[in-house]
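So the chains spell out like this:
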Amino acid sequence: MAYARSKLALIMFTFDLSAELKERKINVNALHPATLMSTSMVKDHFGQAQSSVEEGFSAIEFLATSKNLDEITGRYFENKSQAQANAQAYDKEARKKLRQTTTDSIAAYL
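Colleague: How should the packing of helix α1 (residues 2–21) against helix α4 (residues 92–109) be read in this particular structure?
Modeller: A pair of packed helices is captured by two measures, namely the crossing angle of their axes and the spacing between those axes. Running from N to C, α1 and α4 cross one another at 100°; their axes reach a closest spacing of 10 Å. Relative to α4, α1 is oriented roughly perpendicular. On α4, the residues that touch Ala 9, Met 12, Phe 13, Phe 15, Asp 16, Leu 17 and Glu 20 of α1 are Ala 94, Arg 95, Leu 98 and Arg 99. For the contact of α1 with α4, the class distribution of residues is 7 nonpolar, no polar and 4 charged.

Shown next as structure tokens:
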């Protein structure tokens, strides 16, 4: 559950970051490269892998280098396709609350 929440938080932050950087022509997208890649963590906690690290790398490479995506920002991708993230990721109020909570947490450590 914590893993899923942390991934959702990263997607939410990515959407906000995209808006902040759009005028500077810097594109930012979120990516779920592959499901249960063959890594030590997957083997230790889930047993069977569903995809290879190579598949995940291919998706990362595609998102980083595809000329077809030069103007695409603030989107969520699964493998090499645009997809819908969890509905909460599109909730501006939820993203605002996440950012404030994060800012408050960082300030507490400083």
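Still to come is the rest of the account.
Colleague: I keep staring at the side chain of Asp 16 and nothing clicks. Help me out?
Modeller: By the element assignment, Asp 16 lies in helix α1. Residue classification places Asp 16 among the buried positions, given a relative accessible area of 18%. Ignoring any residue separated from it by four or fewer positions in sequence, one finds Asp 16 in contact with Arg 95 and Arg 99.

Colleague: Please explain the sheet that holds strand β1 (residues 30–32) as it appears in this structure.
Modeller: The strands that make up a sheet are held in pairs by hydrogen bonds between backbone atoms, and each pair lies either parallel or antiparallel. The strand order across the open sheet built from 3 strands is β1-β2-β3, with neighbouring strands paired in mixed fashion. Edge strands, defined here as strands with exactly one partner in the open sheet, are β1 and β3 (81–83). When strand polarity is set aside, the average angle formed by the axes of neighbouring strands in this sheet is 40°. Where strand β2 (residues 76–78) meets β3, 3 bridges bridge the pair, whose relative direction is antiparallel. Directly across from Phe 77, in β3, lies its bridge partner Gln 82.

Colleague: How should I be thinking about the nonpolar core in this particular structure?
Modeller: Soluble, globular proteins show a tendency: their nonpolar side chains are buried together. Counting 9 residues, the largest nonpolar core is built from Leu 8, Ile 11, Met 12, Phe 15, Ala 30, Tyr 76, Ala 85, Ala 89 and Ala 94. Considering every element that reaches this core, the biggest residue donor is α1, with 4 residues. When near neighbours in sequence (up to four residues on either side) are disregarded, Leu 8 contacts Asn 86, Gln 88 and Ala 89.

The rules behind each value
- Residues numbered from 1 in each chain as written.
- Predicted model: local features only at pLDDT ≥ 70, side-chain atom pairs only at ≥ 80, totals over all residues.
- Heavy atoms only, no water.
- Axes fitted to C-alpha atoms, helices over the stretch in contact; angles between N-to-C directions.
- Helix = DSSP H or I, 4+ residues; strand = E, 2+ residues; numbered from the N terminus.
- Parallel < 35°, antiparallel > 145°, perpendicular 65-115°, else oblique.
- Contact = heavy atoms within 4.5 Å.
- Nonpolar A, V, L, I, M, F, W, Y, C, P; charged D, E, K, R; others polar.
- Buried < 20%, exposed > 50% of the residue type's maximum accessible area, 1.4 Å probe, protein only.
- Pairing = 2+ DSSP bridges.
- Core = buried A, V, L, I, M, F, W, Y, C linked by side-chain atoms within 4.5 Å.

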